[in-house]
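# Fold and contact review
Take a look at the letters that make up each chain.
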Amino acid sequence: MRIVSQILGLLVLVAVVAGPASAEKSKISFALGYGTFMPTDSVTKDQFDDNWTRISFTTFEPEKPASWRFIFEGGAYNLDSATDVSLYPITFGFERGFGESSNSVRPYVVLRAGPYYGQIENAALGLDEDHVGLNSNLSLGLVFNRKYYLEARYDYFSELADYDFSGFSINAGMKLFSLDL
């Protein structure tokens, strides 16, 4: 577990510093999001629950440019019930604004992929597994007033303990801060 945390921490550091810095030389903005995640597989929903908590920390482009731009995100998907399930994806990809741009609302699309670390534990079912797998996701969203966003998203997760945790989420967030480079 400790080595996985160190590797994921190193990936986060590289993505936060190198990726956005090469895409834009002057400023990197960051946002925090909170939402709900709903697995789509009926067996997964029946065995666990169909409504999870989702938290994300991402690089954030308030203007959502018309050309593709590098983006990074770290997330946490958690279910705390009789079975504890946690999924921690670290994804990298590209985002792009589309449609009419205005100062108050800007639509955008994001494509990302990367590794995830998953844990599942339920003593009654005999489940106790840690796993590193693949996560990929597609998001459609809106930025409001260059500070807030609302996003609909689909995540694919490779199987964990023979369960499919892929699903949809709704996430809202806000810009926290910017760093000048």
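Quick caveat, the model's predicted, so the values are computed rather than measured.

A separate point is the sheet that holds strand 6 (residues 127–144). Read once around its circumference, the closed barrel built from eight strands follows the order 1-2-3-4-5-6-7-8, with strand pairing classed as antiparallel. Across the sheet, the axes of successive neighbouring strands diverge by a mean angle of 25°, strand direction being ignored. When strand 5 (residues 105–122) meets strand 6, the two strands line up antiparallel, connected through 18 bridges. Bridged to Asn-122 within strand 6 is Leu-127.

Of all residues in the protein, 86% attain a pLDDT of 70 or more, and the chain-wide mean is 87. Here helix 1 (residues 2–23) is the element of the protein with the lowest mean pLDDT, 49, and strand 7 (residues 148–157) is the one with the highest, 98. Counting contacts from residues 20–24, a segment whose pLDDT is below 50, to residues more than four positions away or on other chains yields twelve contacts.

With that out of the way, let us pick up the environment of Leu-150. Position of Leu-150 relative to the elements: it lies in strand 7. With relative accessibility at 40%, the residue Leu-150 sits in the partly exposed group. Residues Leu-150 and Asn-171 lie 21 residues apart in sequence; the distance between their C-alpha atoms is 5.8 Å. Filtering out sequence-adjacent residues up to four positions away, Leu-150 remains in contact with Tyr-108, Leu-140, Gly-141, Leu-142, Phe-144, Ile-170, Asn-171 and Ala-172.

The bulk of non-glycine residues show a negative phi, and the bulk of peptide bonds are trans. In this model, Arg-146 sits at a positive phi of 60°, which is unusual for a non-glycine residue. Mapped onto the elements, Arg-146 comes out in the loop between strand 6 and strand 7. For Asp-162, which is not glycine, the phi dihedral falls at a positive 65°. Structurally, Asp-162 is set in the loop between strand 7 and strand 8 (167–180).

Turning next to the pairing of strand 2 (residues 52–60). Note that strand 1 (residues 27–39) and strand 2 share nine bridges and pair antiparallel. Paired with Leu-32 across the strands is Phe-57, a residue of strand 2. The pairing of strand 2 with strand 3 (residues 69–80) spans six bridges and is classified as antiparallel. Bridge pairing in strand 3 places Phe-57 opposite Gly-74.

Now for the environment of Asp-84. Following the sequence through the fold, Asp-84 ends up in strand 4 (residues 84–97). Distance in space between the C-alpha atoms of Asp-84 and Ile-120 is 5.7 Å, their sequence separation being 36 residues. With sequence-adjacent residues up to four places away left out, Asp-84 is seen in contact with Leu-79, Gln-119, Ile-120 and Glu-121.

Turning next to the packing of aromatic side chains. As enumerated under the stated definition, the model contains 17 aromatic pairs in all. Note on Phe-60 and Tyr-149: the rings are 5.8 Å apart at their centroids and 35° apart in plane angle, and the pair reads as tilted. Highlighted residues: Phe-60 in strand 2 and Tyr-149 in strand 7, separated in sequence by 89 residues. Assessed through its relative accessible area of 4%, Phe-60 is described here as buried. Overall, the relative accessible area of 4% leaves Tyr-149 in the buried class.

A separate point is a negative patch on the surface. The grouping of Asp-80, Asp-84, Glu-121, Asp-128, Glu-129, Asp-130, Glu-159 and Asp-162 at the surface amounts to a negative patch. Considering each element in turn, the negative patch owes the most residues, three residues, to strand 6. Here Asp-130 lies in strand 6. The exposure class of Asp-130 is partly exposed, given its relative accessible area of 48%.

Cut-offs used in this document
- Residues numbered from 1 in each chain as written.
- Predicted model: local features only at pLDDT ≥ 70, side-chain atom pairs only at ≥ 80, totals over all residues.
- Heavy atoms only, no water.
- Pairing = 2+ DSSP bridges.
- Helix = DSSP H or I, 4+ residues; strand = E, 2+ residues; numbered from the N terminus.
- Axes fitted to C-alpha atoms, helices over the stretch in contact; angles between N-to-C directions.
- pLDDT = per-residue confidence, 0-100.
- Contact = heavy atoms within 4.5 Å.
- Buried < 20%, exposed > 50% of the residue type's maximum accessible area, 1.4 Å probe, protein only.
- Phe/Tyr/Trp six-rings, centres within 6.5 Å; stacked < 30°, edge-to-face > 60°.
- Patch = residues over 30% accessible without salt bridge, like charges linked within 9 Å, V, L, I, M, F, W, Y side chains within 5 Å.
- Areas by Shrake-Rupley, 256 points an atom, 1.4 Å probe, with all protein chains shown as cover.
- Salt bridge = Lys/Arg side-chain N within 4 Å of Asp/Glu carboxyl O.
- Lys, Arg positive; Asp, Glu negative; His and termini not counted.
- Charge placed at Lys NZ, Arg CZ, Asp CG, Glu CD.

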